[in-house]
Amino acid sequence: MRALTPVAATTALIEQKLYMCPKMSKHQLLEHILREDKVERAVVFTKTKHGADKLSKKLLLSGITTQAIHGNKAHGQ
């Protein structure tokens, strides 16, 4: 894990972290963090809309409640 120095101050309620890992291990690392750290809410950014959908499906299959949010979604979703 690497410490980040934000450009602007964030609220004290938001904790930001950066983890460096091989590309093939990202899904497993995210799942581990969400489970082991007992994260209640998180925002995870992906490079593409397709990547967001793919990650969301993988996490759902692992039993982690998730929702991909991006420009191709209808307002009701």
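What you see is a predicted model; the values in this text were computed from it and never measured. (Residues numbered from 1 in each chain as written. Predicted model: local features only at pLDDT ≥ 70, side-chain atom pairs only at ≥ 80, totals over all residues. Heavy atoms only, no water.)

### So, helix H2 (residues 49-61)
- When the terminal C-alpha atoms of H2 are compared, their 19 Å separation across 13 residues agrees well with the 18 Å that a helix rising 1.5 Å per residue should span.
- The set of residues buried in H2 consists of Ala52, Leu55, Ser56 and Leu59. In an axial view of H2, the angular spread of the buried residues amounts to 105 degrees, which keeps them on one side of the axis. Residues of H2 that are exposed and angled more than 90 degrees away from the buried face: His50, Lys57 and Leu61.
- Elements in contact with the buried residues of H2: helix H1 (26-36). (Helix = DSSP H or I, 4+ residues; strand = E, 2+ residues; numbered from the N terminus. Expected span 1.5 Å × (residues − 1). Buried < 20%, exposed > 50% of the residue type's maximum accessible area, 1.4 Å probe, protein only. Arc of directions from axis to C-beta. Contact = heavy atoms within 4.5 Å.)

### As for a positive patch on the surface
- A cluster of like positive charges, contributed by Lys23, Lys26, Lys47, Lys54 and Lys58, occupies part of the molecular surface.
- Looking at where Lys54 falls in the secondary structure, it is placed in helix H2. (Patch = residues over 30% accessible without salt bridge, like charges linked within 9 Å, V, L, I, M, F, W, Y side chains within 5 Å. Areas by Shrake-Rupley, 256 points an atom, 1.4 Å probe, with all protein chains shown as cover. Salt bridge = Lys/Arg side-chain N within 4 Å of Asp/Glu carboxyl O. Lys, Arg positive; Asp, Glu negative; His and termini not counted. Charge placed at Lys NZ, Arg CZ, Asp CG, Glu CD.)

### Regarding H1
- Taken as a whole, H1 has its buried residues at His27, Leu30, Glu31, Ile33 and Leu34. Burial along H1 is one-sided: seen end-on, the buried residues are contained in an arc of 160 degrees.
- Lining the buried residues of H1 we find H2.
- Once H1 finishes, Lys38 follows within two positions and takes phi at roughly 50 degrees, a positive value.

### Considering the nonpolar core
- Within the largest apolar cluster, five residues are counted, these being Leu30, Leu34, Leu55, Leu59 and Ile64.
- For this core, the secondary structure elements donating two or more residues are H1 and H2.
- Not counting the four nearest positions on each side in its chain, Ile64 is found in contact with Glu31, Leu34, Arg35 and Leu59. (Core = buried A, V, L, I, M, F, W, Y, C linked by side-chain atoms within 4.5 Å.)

### Remarks on the environment of Ser56
- Tracing the backbone shows Ser56 in helix H2.
- When the C-alpha positions of Ser56 and Thr66 are compared, they lie 5.8 Å apart, and in sequence the two are 10 residues distant.
- Not counting residues up to four positions away in its chain, the partners in contact with Ser56 are Thr66, Gln67 and Ala68.

### Examining the layout of surface pockets
- Estimates place the volume of the largest pocket at around 1600 Å³.
- Every residue lining the largest pocket is counted, 32 residues in all, and those nearest its centre are Leu30, Val43, Val44, Phe45 and Leu55.
- Among the elements of the structure, H1 and H2 are those that each provide at least two residues to the lining of the largest pocket.
- For the lining of the largest pocket, the leading source of residues is H1, giving seven residues.
- Counted by class, the lining of the largest pocket contains 17 nonpolar, six polar and nine charged residues.
- Elements that contribute at least two residues to the lining of the second largest pocket include exactly H1 and H2.
- Residue contributions to the lining of the second largest pocket peak at five residues, all from H2.
- Taken together, the residues of the lining of the second largest pocket sort by class into 13 nonpolar, seven polar and four charged. (1 Å grid on protein atoms, 1.4 Å probe; cavity = no way out; pocket = protein on both sides within 12 Å on 5 of 7 lines; lining within 4 Å. Points joined across faces, edges and corners; volume = space filled by probe spheres on them. Nonpolar A, V, L, I, M, F, W, Y, C, P; charged D, E, K, R; others polar.)

Without other data, these values stay purely geometric and don't point to any function.
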